[in-house]
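Summary of the model geometry
Spelled out, the chains give:
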Amino acid sequence: KQPDLFATEFFLIQSQGMERMIAQTLADEFRSFCNFRFFLPLGFLGFVADKLDMGITPDGFERQILTWRLDELLRDLPSDVYEPLRYYLSGQNGDLKRFQLARRLANIFDQYQVMRSDILSKWEDGKLATSHSAEGWQMDLWRRLIAQDGGEVHRGMLFNRVIERLNANEEFSLIL
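Residues numbered from 1 in each chain as written. Predicted model: local features only at pLDDT ≥ 70, side-chain atom pairs only at ≥ 80, totals over all residues. Heavy atoms only, no water.

1. Some remarks on the overall build of the protein
Formally: A run of H or I in DSSP counts as a helix once it spans at least four residues, and a run of E counts as a strand once it spans at least two, with each numbered from the N terminus. Radius of gyration here is computed from C-alpha atoms only, and the compact-globule reference equals 2.2 Å multiplied by the residue count raised to the power 0.38. Each residue is assigned to one of three classes by its accessible area relative to the maximum for its type, calculated with a 1.4 Å probe on protein chains only: buried under 20%, partly exposed between the two thresholds, exposed over 50%. Only heavy atoms enter the contact rule, under which two residues are in contact if any of them lie within 4.5 Å. Areas reported here follow the Shrake-Rupley algorithm with a probe of radius 1.4 Å; residue values treat only the protein chains shown as occluding. The charge count treats Lys and Arg as positive and Asp and Glu as negative. His and the chain ends do not count. To locate a charge, take NZ of a lysine, CZ of an arginine, CG of an aspartate or CD of a glutamate.
The secondary structure content of the protein amounts to 8 helices and 2 strands. What you see for the protein is a C-alpha radius of gyration of 20 Å, clearly larger than the 16 Å of a compact globule of 176 residues, by over 25%. Of all 176 residues assigned to the protein, the portion counted as buried reaches 34%. Put simply, of all contacts in the protein between residues at least 6 apart along the chain, 66% involve residues at least 24 apart. Of the roughly 11,600 Å² of accessible surface on the protein, 51% is carried by carbon and sulfur atoms. Here the protein holds 21 positive side-chain charges and 26 negative ones, and the gap between their average locations is 4 Å.

Set out below in structure tokens:
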């Protein structure tokens, strides 16, 4: 079968900077570069899930929403495991520090959902995965997130289902 010269080209990338570098390099090389689509890992898995009719939709574990959920949880640090955070959040600009920490944690938890879902599974079972000193409060914070309404299913679980389906060699037609 002849390749379709007008078909969209797909690129899986790790950063937006990589997107700009690839687009510029290909435009320079070919003098024209069009009909392309770049995917970050989460976007790519969502695209594949849609093609498999497993629609993964944005939810409360999406980075921007997660930031605000974490900001709310960081207002109440109920156990001693949070002592390092209490120290960090004390003093001047506590609200700003809390929001900045929530945003950083949202980015980390967003990445964990795709790249470290094995750790999240252990945390959900109440088991630490490493010996890192920060893991205790991260695990507790994650468990508090999934205990909230709508938290029982997060994107890491859904993406694992997509991967399991692809690995099962089921008959399907992936039309890109």
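2. Structural notes on the pairing of strand 2 (residues 36-39)
Put simply, the test is: Only strands that DSSP links by at least two bridges are regarded as paired with each other.
Sheet topology places strand 1 (residues 9-12) next to strand 2; 4 bridges connect them, and they run parallel. Paired with F10 across the two strands is R37, which belongs to strand 2.

3. Brief notes about the pattern of salt bridges
To be explicit about the condition: Just to be clear on terms, a salt bridge is a Lys or Arg side-chain nitrogen sitting within 4 Å of an Asp or Glu carboxyl oxygen.
Using the criterion set out here, one finds 7 salt bridges in the structure. Here R75 ties to E72 by a salt bridge, and the two come within 3.5 Å at their closest N and O atoms. Judged by its relative accessible area of 49%, R75 falls in the partly exposed class. Take E72: its relative accessible area is 49%, and that puts it in the partly exposed class. For D118, the salt bridge goes to R116, with nearest N and O atoms at 4.0 Å. D118 sits in the partly exposed class, given a relative accessible area of 45%.

4. A word on the packing of aromatic side chains
Defined as follows: Two rings from Phe, Tyr or Trp (for Trp, the six-membered ring) form a pair when their centres are within 6.5 Å of each other. A pair whose planes differ by under 30 degrees is stacked, one over 60 is edge-to-face, and the rest are tilted.
With the rule as written, the count across this model stands at 14 aromatic pairs. Measuring from centroid to centroid gives 5.8 Å for F39 and F44, while their planes differ by 70 degrees, and the two rings are edge-to-face. Here the aromatic residues F61, F109, Y112, W123 and W142 are joined through ring pairs into a cluster of three or more.

5. Quick notes on the nonpolar core
The following threshold applies: Joining through side-chain atoms within 4.5 Å is the link that ties buried Ala, Val, Leu, Ile, Met, Phe, Trp, Tyr and Cys residues into a set, and such a set is a nonpolar core.
If you look at the biggest cluster of nonpolar residues, it comprises 25 residues, and the most contacted ones within it are L70, L74, F109, W123, L141, W142 and L145. Listed by contribution, the elements that provide at least two residues to this core are helix 3 (63-73), helix 4 (83-89), helix 5 (94-115), helix 6 (117-124) and helix 7 (135-147). Core analysis: the second largest hydrophobic core is formed by 6 residues, F11, L26, F33 and F38 among them.

6. Remarks on helix 2 (residues 41-51)
Considered for burial, the residues of helix 2 that qualify are L42, L45, G46, F47, V48 and A49. D53 sits one or two residues past helix 2 and shows a positive phi near 55 degrees.

7. Looking at unusual backbone geometry
Although it is not a glycine, R31 adopts a positive phi angle of roughly 70 degrees. Residue classification places R31 among the exposed positions, given a relative accessible area of 78%.

8. What to know about the environment of R144
The topology assignment puts R144 in helix 7. Given a relative accessible area of 18%, R144 falls into the buried group. Other than its neighbours up to four places away in sequence, R144 contacts L73, D76, L77, P78 and Y82.

9. Brief notes about helix 7
As a reminder, the rule being used: Here, expected helix span is obtained from the residue count minus one, scaled by 1.5 Å.
Its 13 residues give helix 7 an end-to-end C-alpha distance of 18 Å, which sits within 8% of 18 Å, the value for a rise of 1.5 Å per residue. The element helix 7 is largely enclosed, with a buried count of 10 among its 13 residues. By the burial criterion, the buried members of helix 7 are E135, G136, W137, Q138, M139, L141, W142, R144, L145 and I146. The secondary structure elements touched by the buried residues of helix 7 are helix 3, helix 4, helix 5 and helix 6.

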